[in-house]
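# Summary of the model geometry
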Amino acid sequence: MSRVFNFSAGPAMLPDEVMKKAASEMTDWNGSGMSVMEMSHRGREFVSIAEKAEADLREILNIPDNYKVLFLQGGASGQFAMVPMNLLRGKKTADYINTGSWSKKAIAEAKRFCDVNVAATGESGKFTGIPQFSGWSLNKEAAYVHYTPNETIVGVEFHYIPETGDLPLVADMSSTILSRPLDVSKYGVIYAGAQKNIGPAGLTIVIVRDDLIGDEISGTPAMFSYATHAKAGSMYNTPPTYSWYIAGLVFEWIKQKGGLEAMAEINKRKSDKLYNAIESSSFYSNPVEPDCRSWMNVPFILADPELDGKFLEQAKGAGLVTLKGHRSVGGMRASIYNAMPEEGVDALIAFMEEFEKSNA
Ligand code: PMP
């Protein structure tokens, strides 16, 4: 079987080594005679897998002891609701930064529970930049400040952590977690759907500071309470066991590769190369301001959109797939998460140059 370079925004590529290990253990994990898929989540075998995955994630991200790591379901979209349900704690308002489609979805969901103060928005620039921090109008009465460090669709990314003082900082890190080292202690809550940089879809990771657990709004269903899952070690009900296991293999892979410093170095190099290739041509362009270009999702447009179909078809022929931009912005998007090898980016750049020569 030949593998393609898959530039999907998510579910996205997983490291080859992880896939091969999972395949070799598919029907018999570690002499247990069972697939991980067939194991009781409360059995000794799965508990050992779960504990190792959490320990490795804690090590990679250097997560302080006063944070819980939850392995949940419901996607990042579920967190759009769980965050206000758990963090409002009697307050009536929360601050949100609007940097694009995913922030907007988080805002829409929060509005079911509280007044949302949009403290800054990139709307006037069509979300091709991040509003200057100095201009944010944070509200002292807010329960928390929510932002989206990487907007997967438009490809804008924060390259700094906002300093929100006593206001707990909440981040939807779905498309950037594990791409570089992170100071977890700056955050109240970090959450991410797994299907980009962590593992298969179906798993959602939530890292939450202890003092923000409990006291959820009245009527919160047990499944939506951080306290429920924290108390039960993410085993209140059946967790997404197989995705958890694969995530554990990805964490092991990151450790073997040299941790998040090594990831950051490669990710920076990969994205620099691709942005330089786009920048140095008049055939391709990227509308995002240079200081907030995403390392993970690189959108670009062709000077002549009539060529989009041909570009995608020929790219596919060259083993470069899922390059179509999100339907809301059009053009192309190359998602180059941790598991996209540098050779994949090199192959894309070579293809782009060739395509430009034949079509410019
Ligand atoms: N936030 C961001 C930044 C995303 O990229 C996505 C998925 N593309 C989501 C939220 C929604 O995630 P999920 O499908 O896990 O609910």
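This write-up is about the structure you can find in this document. (Residues numbered from 1 in each chain as written. Predicted model: local features only at pLDDT ≥ 70, side-chain atom pairs only at ≥ 80, totals over all residues. Heavy atoms only, no water.)

## Considering the overall build of the chain
Defined as follows: Elements are defined by DSSP. Helices are runs of H or I of four residues or more, strands are runs of E of two residues or more, and each kind is numbered from the N terminus. What the globule rule says is 2.2 Å times the number of residues to the power 0.38, and the radius of gyration is computed from C-alpha atoms. Note on classification: 1.4 Å probe, protein chains only; a residue is buried when its accessible area is under 20% of the maximum for its type, exposed when over 50%, partly exposed between these limits. Contacts: residue pairs with any heavy atoms within 4.5 Å of one another. Here the accessible surface of atoms and residues is derived via Shrake-Rupley with a 1.4 Å probe, and residues count as covered only by protein chains that are part of the display.
When you go through the chain residue by residue, the secondary structure sums to nine helices and 14 strands. Computed over the C-alpha atoms, the radius of gyration of the chain is 21 Å, within 12% of the 21 Å expected from 2.2 N^0.38 for a compact globule of 360 residues. The buried share of the chain, reckoned over its 360 residues, is 56%. Considering only residue pairs separated by 6 or more positions, the chain has 67% of its internal contacts joining residues 24 or more positions apart. Carbon and sulfur atoms make up 51% of the accessible area of the chain, which totals about 15,600 Å².

## Regarding the environment of K92
Relative to the helices and strands, K92 is located in the loop between α3 (75-87) and β3 (93-98). Here K92 falls in the exposed class, since its relative accessible area comes to 62%. With near-sequence residues (within four places) excluded, K92 lies in contact with C114 and D115.

## Observations concerning unusual backbone geometry
Look at the link from G10 to P11: it is a cis peptide, with omega at -10°. Position of P11 relative to the elements: it lies in the loop between β1 (5-6) and α1 (16-24). Positioned with a positive phi, L178 is a non-glycine residue whose angle comes to about 70°. The phi dihedral of T322 is positive, around 60°, even though this residue is not glycine.

## Overview of the sheet that holds strand β9 (residues 189-193)
The condition is simple: Two strands are counted as paired when DSSP detects at least two bridges linking them. Angles run from 0 to 180 degrees between N-to-C directions of axes, and those axes are lines fitted to C-alpha atoms, restricted for helices to the stretch in contact.
Pairing is mixed in the open sheet, where seven strands are placed in the order β2-β10-β9-β8-β5-β3-β4. Edge strands, defined here as strands with exactly one partner in the open sheet, are β2 (67-72) and β4 (115-121). Averaged over all pairs of adjacent strands, the angle between their axes in this sheet comes to 20°, without regard to strand direction. Sheet topology places β9 next to strand β10 (residues 204-209); five bridges connect them, and they run antiparallel. Paired with A192 across the two strands is I205, which belongs to β10.

## Points about the nonpolar core
One recurring pattern in soluble globular proteins: nonpolar side chains tend to sit buried together. Quick note on the threshold: By nonpolar core we mean a set of buried residues, namely Ala, Val, Leu, Ile, Met, Phe, Trp, Tyr and Cys, connected to one another through side-chain atoms within 4.5 Å.
Membership of the largest hydrophobic core comes to 59 residues, with the highest contact counts inside it found for L178, I198 and F251. If you tally residues by element for this core, the top one is helix α6 (residues 241-256), at ten residues. Those residues in contact with L178 that lie beyond four places of it in its chain are L57, I60, L61, N197, I198, F251, I254, L260, M263 and N338.

## Here's the deal with the site of the ligand
Stated formally: Here, proximity means that at least one heavy atom of the residue falls within 4 Å of the molecule or strand. Polar contacts, as counted here, are pairs of nitrogen or oxygen atoms within 3.5 Å of one another; within protein the pair requires one atom able to donate a hydrogen and one able to accept it, and residues that are adjacent in sequence qualify only if both atoms are side-chain atoms.
Among the 13 residues in the neighbourhood of the ligand, the closest are listed as A76, S77, T152, D172 and K196. At a separation of 2.6 Å, an oxygen atom of the ligand approaches a polar side-chain atom of S77. One of the side-chain nitrogen or oxygen atoms of T152 is found 2.4 Å away from an oxygen atom of the ligand. Taken by itself the ligand offers 400 Å² of open surface, and the protein chains cover 84% of this. Top contributing element to the shell around the ligand by residue count: α3, with four residues.

## A few points about α6
In an α-helix, one full turn covers 3.6 residues, which means residues spaced three or four apart are oriented alike. Where we set the bar: Expected span of a helix, by definition, is 1.5 Å for each gap between consecutive residues, and there is one gap fewer than residues.
Compared with the 22 Å implied by 1.5 Å per residue over 16 residues, the 23 Å span of α6 between its first and last C-alpha is a close match. Counted residue by residue, α6 has 13 buried out of 16 residues, so it is predominantly covered. Backbone geometry just downstream of α6 places G258 in the positive-phi region, at approximately 110°.

## Details of the packing of aromatic side chains
Cut-off, in case you're wondering: Stacked, edge-to-face and tilted are the three classes for Phe, Tyr and Trp ring pairs, Trp counted by its six-membered ring, which pair at centre distances within 6.5 Å; planes under 30 degrees apart are stacked, over 60 edge-to-face, the rest tilted. Remark: a charge is flagged as sitting over a ring if the NZ atom of Lys or the CZ atom of Arg is within 6 Å of the ring centre and within 35 degrees of the ring normal.
What the rule picks out here adds up to 19 aromatic pairs. The interplanar angle of 5° and the centroid separation of 4.2 Å between the aromatic rings of F71 and W244 together place this pair among those described as stacked. Here F71 is found in strand β2, whereas its partner W244 is found in helix α6, with 173 residues between them in sequence. Given a relative accessible area of 1%, F71 falls into the buried group. Counting every residue linked through ring pairs, the aromatic cluster contains F133, W136, Y147, F158, Y160 and Y187. In this arrangement the basic side chain of R180 is found over the ring face of W295, its NZ or CZ atom lying 3.9 Å from the centre.

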